[in-house]
Amino acid sequence: MRISLNWLRELVEIKLSPEELAETLTMAGFEVEDIEDRRTWANGVVIGKVLERQPHPNADKLSVCQVDIGAGETLNIVCGAANVKADIYVPVATTGTYLPNIDLKIKPAKLRGVPSQGMICSLKELGLPTDVDGIHIFTQENLPLGSDVRPLLGLDDVILDLTATANRADALSMVGVAREVAALTGGKLSIPEPGEVSITKSAGNLALKIADSQACPAYIGTVIAQVKIAPSPQWLQQRLRAAGVRPISNVVDITNYVLLEWGQPLHAFDCDRLQSVASSENLTIGVRFANNGEFLKTLDGQTRTLATQNLLITANDRPVALAGVMGGEETEVHQGTQSLVLEAALFDSVAIRRSSRSVGLRSEASGRYERGVNRAELEIANRRALSLISELASGIIVQQEITDTRPDPSTWSRSIALRLDRVNQILGPIELEEDAGELQEQDVERILTALGCKLTPSGEDTNHQPTWSVSVPPYRYRDLEREIDLIEEIARLYGYNKFCDTLPEKAEAGYLPLDEELIRKLRAFFRAEGLTELIHYSLVKPGEDRNIVLSNPLFVEYSALRTDLISGLIDAFQYNLEQGNGALNGFEIGQIFWREEEGLQETEALAGIVGGDRTVGKWSKSGREEPITWFEAKGILESVFRQLALEVEFQPDCRDHRLHPGRTASLWIRGTRLGIFGQLHPQLRRDKGLPDSVYVFQLDLDVLLESLGQDEILVPTFSPYSTYPASDRDIAFFAPVKISVSEIEKVITKAGKDLLESVELFDEYRGENVPEGQRSLAFRLVYRASDRTLTEAEVEPVHNKVREALVEKFGVNLRS
């Protein structure tokens, strides 16, 4: 909000400079974003009178003027404005004056051979908006020549661009800011108190009909006759311009003025136009929610299609305004207006926010209603507007109707218990001249009294510290609700910078929770395998099984929560291919959600997709891609599991319809399902235009972290290595295809017992000379002892046990 210091000084005593006041407000939580010093815009510009105007001898569009600025001799000034003439008072920039808005310093010059000793200024050159194309001409008579023009133009002012926090609706008004300045500086308040207005006629044709008293707790409708529409006086126009509001006419300007002064939005309707819309002299102003499909043309010229969340003002049930947002064009005040209906109302903040958002329209009024308008000062703002309309527009009040469902005024304030001990416990010590201390009883009473609160002592607490019952003023009813709110106000007004900086007595090294440490390790390991970490929205299109659908989505495309991570990774892979970015190797850690009979479920998952060439360069392969194989993709997971010291078992699986039924495995840790790994189904690959070799996996992160959290993994036991040589043996055999390698490795390991150090599959063959339904497998077994070199006599019996176990368990046909 733009705050005029000249206006503010009429409401509160200010002894600080603009810069000091801005610093004080900022430290109190009201950020001053800019200080606009208008006094510099016309420094050196004075009032002059054009005595004589002659055409320029060498230019058709220039004039040579003799201008008196009260300096003993007249100035010869060349002027290019078409509206310059003799016997007018004008602003004159004398030699040496700098005009910052046009970045011009006035110097003696010759224009087409004629000397010019200054410049006659337009309002634009002085930084003020104007519709006049030419110099500014003062309408006042007998102005003192040579005097400063700034008081006449409202340029003897400083504007503070102030931002209030969302909870301080009271600070969106000059009166609210004045109260705050008074509390901060101790200045005396001089808030105007409008008197009662007289109504010349007790009965009339106006009636009120409020359909929803919760959406509109109070409505005052006042009929004003014999109104004379004219431009506002200069003082009013200058204040509106300083606040960034364009003057329109006296009635409209008055409603904007009261909005800025008291924070209470008002709206003036043309009474005759209302009756025309209502098709009757008997006028019923109503407040109701719109019906779907209704239309209203607002003051900005836009025709709005209304919905059921739009709150309307109606005339005999026909829409004439969007309540609390903007009036309608059909009933606006114009130059021929002779009678008014002035609206002063309270509207529910939620209703106005929804209405404003649904039509994509925000206004000064809606911004205030959304934060909450002070319900205790509705009548004061209404009387202020009516008195100004009577004074400036010669209006006569003929009827006033009121509908009021507000609670009793005695409930507009609340009492909050406050403890001095709690204040000091929360805020800590304050800085005194030589030492630190605590806030005292008189400090609390002074600060809260300055805010308009009434404090009543209520005894002492268990620590023999004073307590109070604090009565909150009605204009702070919305944001002062609890003891902690009062404590915050005490800190804010006492000064945050006056409290001591305290550091912990003993510094301790920080640490991460175990789960976070493990997740960071997982990320590092997958990145080391060449996978890029991806992040997707958790919102997806609806339609999947067990979807959780949002009740208030932003977009239809993002109206449900994802049930897994694989779908998003497949879409990302497809998008990268379509954008020419190549195949994607990536992983993601994120939440997944689903619906079950017992309610909504949520867990964290880790998923990945692999399909690109993992080699560094293609120059040695003539630029050809080498798709990753099943075993290479599986090896990425195995490498990560090996670094985590996890023993993960792969078992055949065909439950996920997106994966190849013969190339999919479920992952298990000690009998607990960890996740799934597999190649994409050929039909899915064709539908999405993906290459043949694309593999995905998804792991349950909770199961993974639980397994990693076991002591033997977190703190691995050192196993001494042997300094004696190993003895290796190869074993080859035909085995049924249905027997997995992991089952075979288990039997070999069990049979080899302590002497067997490692088992590695190094060959698989299917084809000629291999029985149907079988495959040839070759394993390398490494035997080693920790205390001696093994002899043939020691190794051979163990190796024979392995061979016998394989034949007995699986019926393999040994080849070696």
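Criteria and thresholds
Residues numbered from 1 in each chain as written. Predicted model: local features only at pLDDT ≥ 70, side-chain atom pairs only at ≥ 80, totals over all residues. Heavy atoms only, no water. Core = buried A, V, L, I, M, F, W, Y, C linked by side-chain atoms within 4.5 Å. Buried < 20%, exposed > 50% of the residue type's maximum accessible area, 1.4 Å probe, protein only. Helix = DSSP H or I, 4+ residues; strand = E, 2+ residues; numbered from the N terminus. Contact = heavy atoms within 4.5 Å. Expected span 1.5 Å × (residues − 1). Axes fitted to C-alpha atoms, helices over the stretch in contact; angles between N-to-C directions. Parallel < 35°, antiparallel > 145°, perpendicular 65-115°, else oblique. Nonpolar A, V, L, I, M, F, W, Y, C, P; charged D, E, K, R; others polar. Pairing = 2+ DSSP bridges.

A. Here's a closer look at the nonpolar core. With 117 residues, the main nonpolar core has Leu 8, Ile 313, Phe 347, Leu 418 and Leu 448 as its most contacted residues. For this core, the element with the most residues is helix H4 (residues 174-185), which contributes 8 residues. Sequence-distant contacts of Leu 8, defined by excluding residues within four places in its chain, comprise Ile 3, Ile 14, Leu 21, Met 174, Val 177, Ala 178 and Val 181. Within the second largest apolar cluster, 34 residues are counted, among which are Ile 519, Phe 650, Phe 677 and Tyr 695.

B. How the structure looks around helix H6 (residues 250-262). Here H6 contains 13 residues, and its C-alpha end-to-end distance of 18 Å stays within 8% of the 18 Å for a straight helix at 1.5 Å per residue. Burial of H6 is extensive: 11 of the 13 residues sit out of reach of the surface. Just beyond H6, the residue with positive phi is Gly 263, at close to 75°.

C. Main features of the packing of helix H14 (residues 514-528) against helix H18 (residues 701-708). Contact geometry of H14 with H18 gives a least axis separation of 10 Å together with a crossing angle of 105°. The pairing of H14 with H18 is recorded here as roughly perpendicular in orientation. On H18, the residues that touch Asp 515, Leu 518, Ile 519 and Leu 522 of H14 are Leu 701, Leu 704, Leu 705 and Leu 708. Taken together, the residues of the contact of H14 with H18 break down into 7 nonpolar, no polar and 1 charged.

D. Expanded view of the sheet that holds strand E2 (residues 31-37). Read across the sheet, 3 strands follow the order E1-E12-E2 without closing on themselves; strand pairing throughout is antiparallel. Each end of this open sheet is capped by a strand with a single partner; those strands are strand E1 (2-4) and E2. Within the sheet, the average angular offset between the axes of one strand and its neighbour, ignoring direction, is 25°. As paired elements, E2 and strand E12 (residues 158-163) share 6 bridges and run antiparallel to each other. Looking at E12, one finds that Val 32 is bridged to Leu 162. Against the sheet, helix H2 (residues 18-27) touches E2 and E12, its axis set at about 165° to E2.

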